[in-house]
Every structure is written in structure tokens, then in C-alpha cells.
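# Structural overview
One letter stands for each residue in the lines below.
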Amino acid sequence: MNRTGTTGTTGTERVLHALTATILLTSSLVSGAVGEWRTYTRLDIRRIAATENAVWAATGGGIIHSNLDQGTARTYSATEGISDGNVRSVAVDSAGNVWFGTENGGIVRFVKRSGFSQPVLDQTPLLAGEIIGVRALHIDGDSLLYIGHSTGLTVYDLRTKLVLETYYQLGSDGAIRN
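Residues numbered from 1 in each chain as written. Predicted model: local features only at pLDDT ≥ 70, side-chain atom pairs only at ≥ 80, totals over all residues. Heavy atoms only, no water.

## Quick look at the packing of aromatic side chains
For the structure shown, the criterion picks out four aromatic pairs. Centroid distance Tyr-76 to Phe-110: 4.8 Å. Interplanar angle 65°. Geometry classified as edge-to-face. Residue Tyr-76 is found in strand β6 (residues 72-76), and its partner Phe-110 is found in strand β9 (residues 107-111); the two are separated by 34 residues along the sequence. We note that Tyr-76, like Phe-110, is buried. An aromatic cluster is defined as three or more aromatic residues linked by ring pairs; in this entry it consists of Trp-56, Tyr-76, Phe-100 and Phe-110. (Phe/Tyr/Trp six-rings, centres within 6.5 Å; stacked < 30°, edge-to-face > 60°. Helix = DSSP H or I, 4+ residues; strand = E, 2+ residues; numbered from the N terminus. Buried < 20%, exposed > 50% of the residue type's maximum accessible area, 1.4 Å probe, protein only.)

In C-alpha cells, the structure reads:
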């Protein structure tokens, strides 16, 4: 019985069930297959983000998507088109797009599209080659994506698709440079 006195599953319980399934999935090597090719990765969870019907996990071997409505989990690695399997951060915007920061491949996103029950992988990584070591992502409202990376902080405008500012050498001597 949940806190409302009914026997239905609460949103928190659904997230916990999905997270438990995700952890069990990552306790061993997982393979992704396309045709004759196979990719084996170690999926150690680094960050998670939850929506109303999904849990997304950033891992050292790619991305895990747990669908709470269907009770399924799917992995995404280089075989499925992820530019860099070393995924370090995750954030979800108000439109349902899911953003992932990678170690060497920039930012990968799954775009929420009408007619699709799940977000679709955008095959063009954002800022690939411009920033490395994306450690943190934060979305402010509908328009700004803050990207914490190995050399500083970048502010990206989601509407105009332009970098607004990049700050370097944070904390090294107290001075912020842009």
C-alpha cells in the first residue's frame, strides 16, 4: 500500500523499481548488437535523471534508458551511434529532450519527437571537439544549458543554438577568464 492508502504504484516507487532494474542490468558486462558487430561495455552509473515515465543513466560504457511504463531497459553505446561511450552527465529539458555530456565526444542528446513514444538520438553531437570532459549539465528554464567541463563553464542558448559565454580556469587563482 502506498502513502495515499491505495495499492497503486507511486512515481517514486516506479523510479526506484526502474533504478533497481538498471543496477541489476549493469552488474555484468552488457552487449549491444547490430548485424554482426557487437560492443561490450561496462556500465557503471555516474549520474541519473528521471522523467514522468523514464529513468536515464549516464555510465562509463554509454547510456541506459529504463522505460517505466513498459518495464524495459535499453542500452546505447557506440554501436547505436553514441559519439563517445564515456558518458559523465545527464539532464532533461522542459520539452523532454535528454542531454548527455561525454568525456571526448561533446554533448549527445535524445530529441523528443511527436509520433515517437521515446526520444530519438540526434546523430550530431553538440560542441564535439570544442569542449572535452563534460562533467555536469544544468538546464535553466527553456533556454540555457550550463555545461561544466574539464576547462571551465560554457553557457549555451538552446533557442539560438549559440554559445553565449565560456569561462576558463575556474578556481585556479580566483580569477575567472572568458
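## Things to note about the sheet that holds strand β13 (residues 152-157)
Taken together, four strands build an open sheet; the order of strands is β11-β12-β13-β14 and the sheet is antiparallel. Both outer strands of the open sheet, β11 (136-140) and β14 (162-168), are each paired with one neighbouring strand and no more. Averaged over all adjacent pairs, the angle separating strand axes in this sheet is 15°, with direction ignored. As defined by bridge partners, β11 adjoins strand β12 (residues 144-149) across five bridges and the pair is classed as antiparallel. (Pairing = 2+ DSSP bridges. Axes fitted to C-alpha atoms, helices over the stretch in contact; angles between N-to-C directions.)

## Re the sheet that holds strand β5 (residues 62-67)
Across the sheet, which stays open at both edges, the four strands sit in the order β3-β4-β5-β6 with antiparallel pairing between neighbours. Two strands in the sheet have a free side with no partner beyond their single neighbour: β3 (45-50) and β6. Direction aside, the axes of adjacent strands within the sheet are offset by 20° on average. The pairing of β5 with β6 spans five bridges and is classified as antiparallel. Paired with Ile-64 across the two strands is Thr-75, which belongs to β6.

## Quick word on the confidence of the model for the protein chain
The share of residues in the protein chain with pLDDT of 70 or more is 65%, and the mean pLDDT across the chain is 76. A low-confidence stretch, residues 1-6 (pLDDT under 50), is modelled with six contacts involving residues beyond four sequence positions or located in other chains. In the predicted structure, residues 26-34 sits below a pLDDT of 50 and forms 26 contacts with residues beyond four places in sequence or in another chain. (pLDDT = per-residue confidence, 0-100. Contact = heavy atoms within 4.5 Å.)

## Section: the pairing of strand β7 (residues 87-92)
Taken together, the five bridges between β7 and strand β8 (residues 98-102) define a ladder with antiparallel strand orientation. Within the sheet, the bridge partner assigned to Val-90 lies in β8 and is Phe-100. Counted along the chain from β7 to the antiparallel partner β8, the turn is five residues long, and its residue Gly-96 has a positive phi close to 95°.

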